[in-house]
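In case you want the letters, here they are:
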Amino acid sequence: MAEKLMKYADATKKYDVVFGLETHVELCTNTKLFCPAHIEFGGEPNTQLTPVSLGLPGSLPVVNKTAVDYAIKLGLALHCEIAEWSQFARKNYFYPDMPRDYQISQYDKPTNGNGYLDVELEDGTVFRVPIERAHIEDDAGKNTHVGGADGRIEGADHSLVDYNRAGVPLIEIVTKPIEGAGDRAPEIAGAYMRAIRDIVRALGISHARMEQGNMRADVNVSLRPSADAPYGTRSETKNVNSFRGIEKTIQYEIRRQAARLDEGKEILQETRHWDEATQTTAGGRVKSDADDYRYFPDPDLVMLHITKEHIAEIEAQMPEMPRERRNRLKAEWNLTDVQMRDIINADALDLIEDTVKAGATAAGARKWWLGELSREANAKGVSLEELPVTPADVAEVEKLIADGKLNDKLAKQTVAGVLAGEGTPDEVVKKHGYKIVEDTGAIEAAVDAAFAANPDVVEKLKSGNMKPMGVIIGAVMKATRGQADAKAVTKIVMGKIK
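Residues numbered from 1 in each chain as written. Predicted model: local features only at pLDDT ≥ 70, side-chain atom pairs only at ≥ 80, totals over all residues. Heavy atoms only, no water.

Student: So what exactly am I meant to see when it comes to the overall build of the chain here?
Tutor: What the chain contains, in helices and strands, is 17 helices and 16 strands. For 498 residues, the compact-globule estimate of 2.2 N^0.38 gives 23 Å, and the chain exceeds it by more than 25% at 29 Å. Taken along its principal axes, the extent of the C-alpha atoms in the chain is 90 × 55 × 50 Å. Going through the 498 residues of the chain one by one, you find that 47% of them count as buried. (Helix = DSSP H or I, 4+ residues; strand = E, 2+ residues; numbered from the N terminus. Rg over C-alpha atoms; globule rule 2.2 N^0.38 Å. Buried < 20%, exposed > 50% of the residue type's maximum accessible area, 1.4 Å probe, protein only.)

Student: Looking at this structure, how should I read the sheet that holds strand β13 (residues 270-275)?
Tutor: Strand-to-strand pairing in sheets goes through backbone hydrogen bonds, with the strands running parallel or antiparallel. Reading across the sheet, the 9 strands line up as β2-β6-β7-β10-β1-β11-β12-β13-β14 and stay open at both edges, with mixed pairing between neighbours. Every other strand in the sheet has two partners, leaving β2 (81-82) and β14 (280-286) as the edge strands with one partner each. Two strands pair when backbone bridges link them, and strand β7 (residues 126-138) and strand β10 (residues 169-175) are joined in this way by 7 bridges, in the antiparallel orientation. The residue of β10 that forms the bridge with A134 is I173. Across the face of the sheet, helix α2 (residues 65-77) comes into contact with β2, β6 (112-120), β7 and β10 while running at roughly 25° to β10. Across the sheet, helix α4 (residues 243-262) touches β1 (16-26), β11 (215-224), β12 (235-240), β13 and β14, and the angle it forms with β11 is around 25°. (Pairing = 2+ DSSP bridges. Contact = heavy atoms within 4.5 Å. Axes fitted to C-alpha atoms, helices over the stretch in contact; angles between N-to-C directions.)

Student: Got a minute to help me understand the sheet that holds strand β15 (residues 296-297) in this structure?
Tutor: In spatial order, the strands read β5-β4-β15; together these 3 strands make up an open sheet with antiparallel pairing. One side of each edge strand has no neighbouring strand; the edge strands of this open sheet are β5 (102-105) and β15. In terms of strand pairing, strand β4 (residues 89-92) meets β15 through 2 bridges, oriented antiparallel. The residue of β15 that forms the bridge with A89 is P297.

Student: Looking at this model, I keep getting lost on helix α13 (residues 425-432). Mind explaining?
Tutor: In an α-helix, one turn spans 3.6 residues, which is why side chains three or four residues apart end up on the same side. Turning to α13, its buried residues are P425, V428 and V429. For α13, the angular spread of the buried residues around the axis is 100°, confining them to a single face. In α13, the exposed residues that point more than 90 degrees away from the buried face are K430 and K431. Residues of α13 that are buried make contact with α11 (391-402) and α12 (408-419). Downstream of α13 by a residue or two, G433 has a phi angle that is positive, lying close to 70°. (Arc of directions from axis to C-beta.)

Student: I tried to follow the packing of α11 against α12 on my own but got confused; where do I start?
Tutor: Helix-helix packing: each pair is described by the crossing angle between the helix axes and the interaxial distance. It is at 10 Å that the axes of α11 and α12 come closest, and there the two elements cross at 155°. For the element pair α11 / α12, the angle class is roughly antiparallel. Remark: the crossing between α11 and α12 carries right-handed chirality. Residue-level contacts link D393, V397 and I401 of α11 to D408, A411, T414, V415 and V418 of α12. Of the residues belonging to the contact of α11 with α12, the class tally is 5 nonpolar, 1 polar and 2 charged. (Parallel < 35°, antiparallel > 145°, perpendicular 65-115°, else oblique. Left-handed = near helix turned anticlockwise from the far one by under 90°. Nonpolar A, V, L, I, M, F, W, Y, C, P; charged D, E, K, R; others polar.)

Student: Explain the environment of E270 to me, please; I cannot follow it from the model alone.
Tutor: For E270, the location among the structural elements is in strand β13. Given the relative accessible area of 10%, E270 is considered buried. In sequence terms E270 and V286 are 16 residues apart; their C-alpha atoms lie 4.2 Å from each other. A distance of 2.6 Å separates polar atoms of two side chains, one belonging to E270 and the other to R272. (Polar contact = N/O pair within 3.5 Å; in protein donor to acceptor, adjacent residues only side chain to side chain.)

Student: What is the right way to read the nonpolar core from this model?
Tutor: Looking at soluble globular proteins, one finds that nonpolar side chains tend to be buried together. Counting 74 residues, the largest nonpolar core has F19, L74, I173, Y192, M193, I196 and I246 as the members making the most contacts within it. Of the residues forming this core, the biggest block, 11 residues, is contributed by helix α3 (residues 185-203). Contact partners of I196, with chain neighbours within four places excluded, come to T23, V25, L78, L117, I173 and M215. (Core = buried A, V, L, I, M, F, W, Y, C linked by side-chain atoms within 4.5 Å.)

Student: Explain empty space enclosed by the protein here, please?
Tutor: For the structure shown, the criterion picks out 1 cavity of 30 Å³ or more. Roughly 40 Å³ of internal volume is contained in the largest cavity. In terms of lining, the largest cavity is formed by S53, M98, P99, R100, Y102, D138, D139, A166 and G167. Taken together, the residues of the lining of the largest cavity sort by class into 4 nonpolar, 2 polar and 3 charged. (1 Å grid on protein atoms, 1.4 Å probe; cavity = no way out; pocket = protein on both sides within 12 Å on 5 of 7 lines; lining within 4 Å. Points joined across faces, edges and corners; volume = space filled by probe spheres on them.)

Student: I tried to follow the pairing of β5 on my own but got confused; where do I start?
Tutor: Every regular strand shows the same layout, with side chains that alternate between the two sheet faces. In β5, alternate side chains face the same way, and those of Y102 and I104 on one face and Q103 and S105 on the other are all buried. Pairing analysis gives 4 bridges linking β4 to β5, with the strands arranged antiparallel. Bridging from a neighbouring strand, N92 pairs with Y102 of β5.

Student: What is the right way to read the side chain of R224 from this model?
Tutor: Positionally, R224 belongs in strand β11. Among the polar contacts listed, one links the side chain of R224 to the backbone oxygen of A229, at a separation of 2.8 Å. Not counting residues up to four positions away in its chain, the partners in contact with R224 are Y15, D16, V18, E179, A229, P230, Y231 and G232.

Student: Help me understand the environment of V415 in this model?
Tutor: Summarising the element assignment, V415 is placed in helix α12. Its relative accessible area of 5% is what places V415 among the buried residues. Sequence separation of V415 and P169 is 246 residues, and the distance between their C-alpha atoms is 41 Å. Among all residues touching V415, those that are not within four sequence positions of it are W368, L373 and V397.

Student: Whenever I open this one, the packing of helix α9 (residues 362-370) against α11 confuses me. Can you help?
Tutor: One can describe the packing of α9 onto α11 by two numbers: an axis separation of 10 Å at closest approach and a directional angle of 120°. As far as their axial angle goes, α11 and α9 are oblique. By crossing handedness, the relation of α9 to α11 is classed as right-handed. Side by side, α9 and α11 meet where G364, K367, W368 and W369 of the first sit next to P391, V394, V397, E398 and I401 of the second. When grouped by side-chain class, the residues that make up the contact of α9 with α11 number 6 nonpolar, 1 polar and 2 charged.

Student: What's the story with the state of the cysteines in this structure? I'm lost.
Tutor: Here, the word disulfide means a covalent bond between the sulfur atoms of two cysteines. For the structure on display, the rule yields 0 disulfides. Between C28, a free cysteine, and C35, which holds the nearest cysteine sulfur, the sulfur-to-sulfur gap is 17 Å. Relative accessible area serves as the criterion here: at 22%, C28 is assigned to the partly exposed category. (Disulfide = S-S within 2.5 Å.)

Here is the structure:
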């Protein structure tokens, strides 16, 4: 039976919203966290294994130094305190995709703690999200349930397990309870997750592709009568793997919990699961507390000793952070706040910057990626990055325009050819014979024909009314198959009128 829901505006008006996010970021190391097994997304099941990742008796873990350095980088980016001594602990629970029956994580001595991240919302508001910890742990394998609907365990007649992912290094970023968000809680969560994605990509420590499971979040939500009341009982919606899903999970849970509280019903401390098809959450198991996992220091691993000198070395290698980069490019490209937000919302910043580096102007690059190419991506239901056109292609088209070899119409036809797989812009131009008509005699003949076909328009132009100029130019462009230069046509038209 469908859960009763309160209207979102009413729920956020009546109750104070508190939420938190546990973000799992899969690190892009070459090997696993505690063994030399190679990592490759999409490999044949159960081929990226060692005795350690299978938890076989007698196998001993050895820490991946690169993974630790990546954790330090992220800690610095999140303004965390980096512990000189940190420790791995065993988190005990049984699940088929956990071959050891325990996960190696960090508990009371994490590598990173007590940080924050300032996130910018669409209207320019900056909201500070407090970070409790960013600790290192290894991932579980992957269960595939066969026979049920949409791969779910409900109704399945058997399950398959792939241990390729078991032992892949993760960093789990745990926020403190996020207060004061009010009805903007979903928006803040989405902005925070996008900021995390941008940071880990800028650091080069994760591909952060949510559709591949590189990044996912557990979403905690609770309500209380007022901001000074104790925290309410929280729900935890597990493994949400899209920005929109995270935003909608928070919105749904606020509405669901508010309706239950309004009827005097209790909120269960439980795990829940987001169903994209129904746009709802469904109850899972009663949520375990830390005591239930029986954490204790892993006896096979010594404590991590991170010196101040090593932190300084890594800090010296830190790249420009996304927010600072956006501000710099905004100034360099002379953009307004709205124009930069349009670029960010279209996920086009990297593409535009690479196009500029390839030789295009910022205005030209922005015109293509936010215009013609965005329309193409939307029509195909793909991201801009997935289109079969590169920043170098766009820069090449822009150069052909700047050199007077293409006009806007021919440039669009050239890009269409590139998207259709006909080759590079230069190859498409040669294949179709695209070029601007430079023969002024041919253009003059086309103008004369347009004048003869539109005498009323000519009279208006002669009287000083330039509004119908487009009729003449359009006729000339049609006659020259779009290959005349519009500026040259305008110049000839004006000369004949005078």
